[in-house]
Every structure is written in C-alpha cells, then in structure tokens.
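Listed here are the chains, written in short residue letters.
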Amino acid sequence: MMFRTDQPVALRRLDYAPPTHLIPSLSMTIELHPTETRVTNTMQVIQNRPSSTLFLNGEKQTLISVLLDGAPALYQTSEEGIEIETGGKTSFELRITSLCNPQDNTANKGLYMSDGFFCTQCEAEGFRRITYFLDRPDILSRYTVRLEGDQSEHPVLLSNGDIPVDTGTLPGHRHYAVYQDNTPKPCYLFAITAGKISYLEDTFITRSGKNVRLRIYVDEVGKIKRCGWAMDSLIRSMKWDEEKWGREYQFDRFDIVAVSKFNMGAMENTSLNIFNDALILGDDETATDSQLESIEGVVAHEYFHNWTGNRVTCRDWFQLTLKEGLTVFRDQEFSANMNSRGIQRIDDVTQLRARQFPEDSSPLSHPIRPDSVVEINNFYTATVYEKGSEIIRMTRLLAEARQPGGFHKGTDIYFDRHDGQAVTCDEWIKAIADGSGADFTQFMRWYAQAGTPEVTAEFAYDAAAQKASLTLSQHTNPTPDGSPKEPFHIPVAIGLVAPDGQDMIGTQIIHLTAPVQTFAFDNIPVRPVPSILRQFSAPVKLKANQTNDDLRFLMVHDTDDFNRWDSGQTYMLRMLEDMMDRQMNSVPSELIETLGHLVLKSHNQESDPAFMARMLSLPDISIIGQSRDVVDPDEIYRIRKMVIDSVTHKYRDQMLISYKNLSHSDISGTSGRAKGVRALRNVLLRYLDDPALAGLHFDQAKNLTDRIGALSVLIHHDHAETQRVLGAFEDRYLHTPLVMDNWFRVQAGSTRQDTLSTLQALLARPDFDWTTPNRVRAVFGAFGMNAVMFHHRSGQGYAFVKDAIVKLNTINPEIAAQILRPFREYKRYTPDRQAFMKSALMEIAQTPNLSRDVYEIVQKTLGAER
C-alpha cells in the first residue's frame, strides 16, 4: 500500500504555546473582484514573547507586498505562510497586500462565490485564504473593514459589527462600505458578503431596551416568503436566551445571509451569520417537519454562540467542544422548551446512538477534547458536538445534585470571568465547580478518554427482607489510542416502578464511580421493576437483567417518557437479535402481539401521536448492527422486514382504521399535535407498504412532509405509481433546488437492485453540480446511509462512493471527507465486504495530491486494528 509520501504532521494539544505576537487591531481594505480580489491588511502588532521573526499563516494567495513600519520587510514564503523578520521589535505596523481568486475557490473556505455573490467561511482555518494572519483562535482583534465592490453587481456590502460607519461611491460604478467591530474576536468569526441580495426585516427589543435590527438576506426576492419560520425562530431564541440564561445581545444589528454553497450547516460570525440556505428557507410546502425543526434548532444554535463561542471563545481548536458541545446542549434545551421535551430527548438520543456511538467504536474514535489531529476540519464530529452536549448535560446534573441552582450560578461565573477571552474546557469546569461546590476531578475523564462506557445492571429483590439492590459495573472497550480506561463518574438516574404502575421510588441520581458498585433500597414491600438511566442521564450502553415482561411493563407504565420508549427499543432489539442468532424464518408471536398492541393504542385519540410514531418504529439497521460481532446488512434487513410484514399481515385492518382516522384530524400547521399526526400517519404508511395507498397519500398531501412520506414508501417498489409520483414531484419542485435535494436523497435511499444505475443517471443531469455541497450530500451522503445498497455484496456501492471521493478530493476536500465516513467501521462487516471496502480505501490512499482532510481519515481507518 502506498500512502502520500509527504505525510502531514499531526498537531498535538499538549504542544500548545502562546503566540509570539498579538494583533490587537487591524484595518482591511477588500477590493472585490471575482478572480482578483485585492486585500490590503494593515495590522498593529505587539510582541507577546521574545522572537526575532513573525510567522503568519497564508494559503492560496498571490503576495504583492509586505511593509513593516512603512518599509519593505524581509521575509520568506512557503505553502503554509510567510516568515517575516521583525528585528525583535516589541510593536510595529505590518501591511500586507495580496490577491485571491474567489471564483475558483470550490473548497468554500475563505472568500468564495456562491451563485454570483461573495461570501466567506473562516472557521476553522479559512481566514488564511483571504489574507496573511496569525490564524488561531487565541488571537483576538478589533476589525475595521472597508469593502469595495461593483455597484450594479454587488449593491449590498456586509461585514461584522454594527451599522456601517461610512458608505459612498467610487469611480467606475463602484461603491464602498466601512464596518467597525470593536469587540475583540478571533479571525474565524470574520465574515463578509456582497451581492444582489434581498432581505426580510424585523426588530427585537432586548430586556434593557436596545432595538436590534434583524435581517435575513437571500439571493432572490421570491425566497423572502420562505424566511418567516427562521425569523420567528431567531426572535424566540433571543428571548429564550435572556429568560433562561440571562444573556443579552450586544450589537445594533443581527444579520443572516443564506447561501446555496456551504460545507456545513451555518456559521456564527459576530452580527453576520452565514447559513446553508437549507437551514433558513422553509415552510410546510418546501420543508418537512424534521427540516423545519432543524431550521429552528440551528438558527438558535448559531445565535447562542454569541455568548458560548464568540464572547467566550476557544484558546485552541482542541477545545472545540467548549463552544460546540455547550451550544448543542443549549439548542437542545431550547427545542425541548419550544416543542415536546420527551420527544426532543428521544430524537436527540436516537441521533447520538446512530452517529456518535459508531464513531466511538471505530478507528476514528477520539475524546471530546482530542489530543491530536492532522486536519482541523476533521474535528467537527458527532463526538465533539453531540457527545459533548451529553457531557454538559451530566455537568448540570452533578452541579444541581450538589446545589440546586448551582449550574446556572456556575455559568454566570463563567461568563463574568471570561467575557472577551479565549479559554479552555478546564476554565469552564472550574466555573461550574465554583458555582455549585461539586467535585469534577474524576468527571474530567469524560474529556480525556475516548469510547462509550458499557454499564451492566443487575437488579435483585429480597421479599423476606423487603429490600432491593442494584449492582452496576462499568467497562470501556479499548480504543485506537491505546490509552488505559479509568472508571468514569457516571450519574445514573433511576426509579422503581410498582406493579400498579406508580413510582415506588421517584427518580433519583446514583453515582457510579468505581468499576463495580452496589446500591441498596430499603422498605420495598413488593418487587418493583427498575427504570434505569432515565432521561438517558449518561451517554453509555446499558445492559440490564430485565426480563421481556419487565420491558413490556415499562413500555406501558414507566413515568419517564424516554424510558418508556427506550424499553420498547431494547425489547425489540433483543427480539431481533435472537431471531438473527437462531436464523429464524418466522416472527415470534410475542413480538407481533406487542407491536400489535401499539397499533391498537394508536386508535386512541387521547394518545400522543408523536410518541406513538416513535414507539412503533423499529430500531434502524445501523442501530441493530452495533450489537452484532459481524455485521451482515442483508440479514438485518431481512429480519427487520419480516417483522414489519408479519405485524402488518395480522393488524392491517387496524392500521388502516388508525391511518384513516388520523387523515380526518387537523394535520396542518406546526403545532406538536399536527406534527405528531403526520409522523404517525407516515409510520403506518410505511408498515402498510401499499403503492396504491402511497400514491393516494401523495395526491392528497398538503405539505412536503406527507409528499416525502409517500415517496419514501414508493421508492422501494418497481411500480407505475413510483414513476408517476417521482415525475409529479419533479414537475412541482424542479425550480426549487432545496426541495429537489429531497428528490435526489430519497432515490439514493432506495433498496431496489437498479438503485446504482438510477444514481448514475442522476449524476448526468444538468442540475447535479459537484460544487454544490447540498446536492452532493443528497446523493452520496444519503447513499452512504443506505445499508442495503451501499453494502451490496457486489462491492459496487463502495466503488461508487470511492469514485466520488477521489473526484471531490480536488474540488472540495471537506465534503470528500464527509462522505468517506461510512467506511470507518469496515472491519466489523462480513469478510467479503471487508475486502471490497479495504480495496476502495487503498485506492483512495493512492490518489495523487490527496488532501489532508481525506488522508487523515483513510490513514486512521486503514492503520488501526479494531
């Protein structure tokens, strides 16, 4: 096997050193041009520690001049930047002029063009593609930015800060705008946009009486009507942050610009957020319920960064979870307050198990605060974000257990101490400890150790002594870093449920801190059923000695909504595993009747339809695969489908009754009830799996959720209705690219044998664009999650994605790395699949000029033994 010979050097957290220089302020003039944007950057520099040179990061630029205190400077350039001779000066002015080419910047990092207008993405290391600078998050600077552009092509010029301090016209039909951002910020929060953009405007009045102008900019006037939900979400998030966290916004304006070419979801640049338009544009005609919930959550997430990420930022990128884990926690809590807390928790944990648990058991496993990395972009993982949020949730649990109100007292201390600073995770934990009095010494292992702990629970009851006991043990499997696994501090929320369904002992927190511990409960008159890990109080894998009867009892009676659902998932998973172990060709009647009972409960108008939809949903193929020593997706698919078909065969009439009754409900709007009804109808539609009914469902749909629900059933059938509905969907939405992404995505998820040929045809369409990340992810991201066809025994699915990765490596390496991730657990699959995946990975490894983004993932995947 041949890797690239110039192997990139890994960066290590413990190698952090303070910068040699600081840049308290800079003034930039940016003369915008599609292919030759001229940037003049005048920096006020002071020495931070003795040094005769200053190294500035810089990439993909043409250097014009370097002046130090007005005189030409001595310097040397490299692919990474420029080394400037300073003569040991303790303070000086440095002016650098350079050119960059936004039009050819298909990597979408730095300054680039999206459908004719300029925009930026500087996190994590994009600013170095705009100008030469100390591109690291602990350099906090005040910015003055002068933008110059063509008045007709780029009538709107935007940058960070408050309202422009100066605007005017220039010769040659050009104009300018000057912005000042006097709040010191790291360069990754720098942003500009320029173009023909229209906006939706509103106002928010802060609790201190400040009027904040709110605008959402889009590239077409017609899109403004689809910004209303995002604007409403922004206003609600600003109000919530004041009420729940005491955090007020400081600028006079808050702008969002929606762009079609964006590698991630959104970017929290101070006062000028730049968003993937998929997370701004949406109404019930053009976005599904889950997409509208994503818009709400991500708008809130980026706004919440104003305090958790911007005003208090990261000292270095190894501390990324400090801002991202904390802000994910905040947006999850916001969404729980805006919607159903129980449903939100179920959905958050479902995502964690589907995305992060596999990462934790793969060669790419890493702690939430990693120790080393090759490419910073590869830090943006489910571990840093979603698991990081779970660690914050546990932090709150421990703080509140020690002192009610201690968590929020600690957050106030954190903001008061560190506003305007770049800090580490240790400062965060110290503030919470100071506010609550809790001891987080052992808890800090969650920041340092990779892997998902496995907790085993043994419950026992002594009727004669009227005592119960719960023995908990913890174990974490080895991870590629080879580090020893010390016991975690795991808060376990537990309740004991009496035979009448009432809590005998309400929810309490017990603390698992040793490899094995036993907890006793006295005065227990009858045998209860333990409800363990309520609200998923810790990100662990739980294995308890509960019987199937215990689990079915909790499905009905547990007072904790999350554990009601999770008991059902555990029960179904246990039954599915047993069927696979025994290679069964029929479904146990017990499982059919249990699911049938849920179908009958769906008739009840008093039940929560959103909760019933989740109760009726079997564990996904990827979740089932996590419990198998050797993963055979075909066998998992066969068993899972056999269960669905068997339940439908026995309860079809009851399903149709529920489906039709729900059809008469009010299924319009964004209320929790309306969304729940739509979710349950679409779950029943998937069970019924009838092309004629799905076609009727599509024809009668009044929203995108139901149209996609119908298409998601039909796409697995070679049926006339499938082609009719695909055509009708395309006719309706052909000129609405974000909705058409759904059309591509659904086809990439098909289990039909002709799926690959269908996708090849989609790639040849004129509306498939390799430089548009949303469209690329709609095909290759969705296909990578298609367990049946991606893992097809022919190996053709792996080859299809491999070819895309090689192509994208030169177009957009960050997107190439994103669609590479389904290969990460290749050693867990059947030998034939392992061989195909390894061959694909080796071909990628031999690609000339392999990017750092792709190289790191391939190297770790192939180089680590499971």
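Since we're looking at a predicted model, the values are computed, not measured. (Residues numbered from 1 in each chain as written. Predicted model: local features only at pLDDT ≥ 70, side-chain atom pairs only at ≥ 80, totals over all residues. Heavy atoms only, no water.)

Peer 1: Quick question: what am I supposed to make of the nonpolar core here?
Peer 2: Grouped burial of nonpolar side chains is what soluble globular proteins tend to show. With 198 residues, the main nonpolar core has Ile280, Trp428, Tyr447 and Phe823 as its most contacted residues. Dropping the residues within four chain positions of it, Tyr447 is found in contact with Thr321, Pro367, Ile368, Arg369, Ile391, Ile392, Cys425, Trp428 and Ile429. Residues Ile30, Val156, Leu157 and Val384 belong to the second largest nonpolar core, which totals 66 residues. (Core = buried A, V, L, I, M, F, W, Y, C linked by side-chain atoms within 4.5 Å. Buried < 20%, exposed > 50% of the residue type's maximum accessible area, 1.4 Å probe, protein only. Contact = heavy atoms within 4.5 Å.)

Peer 1: Looking at this structure, I do not really get the confidence of the model for the chain. What am I missing?
Peer 2: Detailed conclusions should not be drawn from predicted coordinates in areas where pLDDT is low. In this model, the chain carries a mean pLDDT of 97, and residues with pLDDT of at least 70 account for 99%. Residue range residues 1-5 is modelled with pLDDT below 50. Its contacts to residues more than four positions away, or to other chains, number 14 contacts. (pLDDT = per-residue confidence, 0-100.)

Peer 1: Explanation requested: the sheet that holds strand β26 (residues 467-475) in the structure shown.
Peer 2: By definition, the strands of a sheet pair up through backbone hydrogen bonds, in either a parallel or an antiparallel sense. Reading across the sheet, the 4 strands line up as β29-β26-β25-β31 and stay open at both edges, with mixed pairing between neighbours. Pairing within the sheet leaves two strands with one partner each, and these edge strands are β29 (516-521) and β31 (541-544). Each neighbouring strand pair of the sheet contributes to a mean axis angle of 20°, computed without reference to strand direction. (Pairing = 2+ DSSP bridges. Helix = DSSP H or I, 4+ residues; strand = E, 2+ residues; numbered from the N terminus. Axes fitted to C-alpha atoms, helices over the stretch in contact; angles between N-to-C directions.)

Peer 1: How should the packing of helix α5 (residues 382-402) against helix α6 (residues 406-418) be read in this particular structure?
Peer 2: In helix packing, the relevant descriptors are the interaxial angle and the interaxial distance, both defined with respect to the helix axes. Packing of α5 against α6 brings their axes to within 7 Å, and their N-to-C directions diverge by 115°. With respect to α6, the axis of α5 lies roughly perpendicular. Residues Ile392, Thr395, Arg396, Ala399 and Glu400 of α5 form the contact with α6, whose participating residues are Gly406, Phe407 and His408. Split into classes, the residues belonging to the contact of α5 with α6 amount to 3 nonpolar, 3 polar and 2 charged. (Parallel < 35°, antiparallel > 145°, perpendicular 65-115°, else oblique. Nonpolar A, V, L, I, M, F, W, Y, C, P; charged D, E, K, R; others polar.)

Peer 1: Looking at this model, I keep getting lost on the packing of aromatic side chains. Mind explaining?
Peer 2: Enumeration over the complete set of coordinates arrives at 36 aromatic pairs. Ring centres of Tyr249 and Phe254 lie 5.5 Å apart, and the angle between their planes is 75°; on these two criteria the pair is classed as edge-to-face. In this structure Tyr249 comes out as buried when scored by relative accessible area, which is 2%. Classification of Phe254 by relative accessible area gives buried; the value is 3%. Aromatic pair Tyr303 and Phe304: ring centres 6.2 Å apart, planes at 65°, arrangement edge-to-face. Per residue, the accessibility class of Tyr303 equals that of Phe304, and both read buried. Among the aromatic residues, ring-to-ring pairing joins Phe768, Trp770, Phe780, Phe783, Phe790, Tyr798, Phe800 and Phe823 into one connected group. Its end group placed over the ring of Trp229, Arg236 keeps NZ or CZ at 5.1 Å from the ring centre. (Phe/Tyr/Trp six-rings, centres within 6.5 Å; stacked < 30°, edge-to-face > 60°. Lys NZ or Arg CZ within 6 Å of the ring centre and 35° of its normal.)

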